[in-house]
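Coordinate inspection notes
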Amino acid sequence: MTGTRITALGHYQPAKVLTNADVAKIVDTSDEWIRTRVGIETRHVAGPDEPVDELAAHAGAKAIAAAGLTAADIDLVIVATSTAIDRSPNMSARVAARLSMGSPATMDLNVVCSGFTHALATADHAVRAGAATRALVIGADKMTEVTDWTDRTTCVLVGDGAGAAIVEASPDGSEGIGPVLWGSVPEMGHAVRIEGTPPRFAQEGQSVYRWATTQLPPIARKVCEKAGITPEDLAAVVLHQANLRIIEPVAAKIGAVNAVIARDVVESGNTSAASIPMALSKLVERGEIASGEPVLLFGFGGNLSYAGQVVRCP
């Protein structure tokens, strides 16, 4: 067993941007209504010729290049997504094919909004145990494809994109990825759904809001405790980018008073499994977190599942 670390990040969003004014032309809403209730200003929308695996591959390629690696160096690919339409080949196999990898292990994880933090923990465990050497972990979702654009309570929320991370063993054995704390509330799984034919996203907004703002802050503090730090030690907090009315109160209750709080939801909307790696990648790209600083990643949402860990910034 050895310590692991994130060595590089990458993100990708489609070129098309949908503003609140654009959404107001589709459904009965307004820029003021959306900003007041969820804090979102814009979102990126993939076209019909931009499938999920293409978004994922773009983000993955950027992470591989940032790490100074080639696609052949990756021996494990994990893609977290809940918007894969086809069952097989899975998203990770499609990404491996797009990037001309050798013969990596490929698996998808569907834990919806907390998919990336579940996938990161899985990669961490695999590298620690010696089952993989270098893992490419991607969160990617095309939420606009599973959205009912006549439902103003959900269509104002969503966006498309992908974020990726490279996970490798730490050369000195140090803990660059802290222990995961994960769980779920199965009896409330109905509160966030992507169901039906064709599949459509739906949620019970008030139930999710109450659960997130009351139940999750103490769990997030326990994540810090497992990592051996206090919330005051955190340089950044990257929560699932659900909406600002959840992000800001949850971050405040965690007590990370010195941390940068990711608010990528404002420009990207809710991108489900893509939201955490995309937001983290942007913070690093802009130089808002220094290398080696501790960052809390905490995903929550669909299935009413959650997973979090403290990582050291690459």
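Refer to the structure above for everything that follows.
So, here's what we can say about the structure. Treat the numbers as computed from the prediction; the structure is a model and nothing was measured.

Summing up its helical and strand segments, the protein chain has ten helices and 14 strands in all. Relative to a compact globule of 314 residues, whose C-alpha radius of gyration would be 20 Å, the protein chain shows 18 Å and is just as compact. Dimensions along the principal axes, computed over C-alpha positions, put the protein chain at roughly 55 × 45 × 40 Å. Relative to its 314 residues, the protein chain shows a buried fraction of 58%. In the protein chain, of all internal contacts separated by at least 6 residues, the share reaching a separation of at least 24 is 76%. Carbon and sulfur atoms provide 50% of the accessible area of the protein chain, an area that totals close to 12,100 Å². For the protein chain, the distance from the average position of its 26 positive side-chain charges to the average position of its 34 negative side-chain charges is 3 Å.

This next bit is on unusual backbone geometry. At the junction of S88 and P89, the peptide bond is cis and its omega measures out at -5° in the coordinates. Topologically, P89 is positioned in the loop between β4 (76–80) and α4 (91–98). Cis geometry marks the peptide bond from T197 to P198; its omega dihedral reads 0°. With respect to the helices and strands, the residue P198 is situated in the loop between β9 (192–195) and β10 (200–203). For S272, which is not glycine, the phi dihedral falls at a positive 55°. Locating S272 in the fold gives a position in the loop between α9 (265–268) and α10 (275–285). You can call S272 buried: its relative accessible area is 1%. One non-glycine residue, L304, lies in positive phi territory at about 50°.

Within a regular strand, the side chains alternate between the two sheet faces. Across five bridges, the pairing between β4 and strand β5 (residues 105–109) is parallel. Along β5, the bridge assignment pairs V77 with T106. With respect to chirality, the unit in which β4 leads through α4 into the neighbouring parallel β5 is right-handed.

Reading guide: rules and limits
- Residues numbered from 1 in each chain as written.
- Predicted model: local features only at pLDDT ≥ 70, side-chain atom pairs only at ≥ 80, totals over all residues.
- Heavy atoms only, no water.
- Helix = DSSP H or I, 4+ residues; strand = E, 2+ residues; numbered from the N terminus.
- Rg over C-alpha atoms; globule rule 2.2 N^0.38 Å.
- Buried < 20%, exposed > 50% of the residue type's maximum accessible area, 1.4 Å probe, protein only.
- Contact = heavy atoms within 4.5 Å.
- Areas by Shrake-Rupley, 256 points an atom, 1.4 Å probe, with all protein chains shown as cover.
- Lys, Arg positive; Asp, Glu negative; His and termini not counted.
- Charge placed at Lys NZ, Arg CZ, Asp CG, Glu CD.
- Pairing = 2+ DSSP bridges.
- Right-handed = clockwise from strand over helix to strand, strands pointing away.

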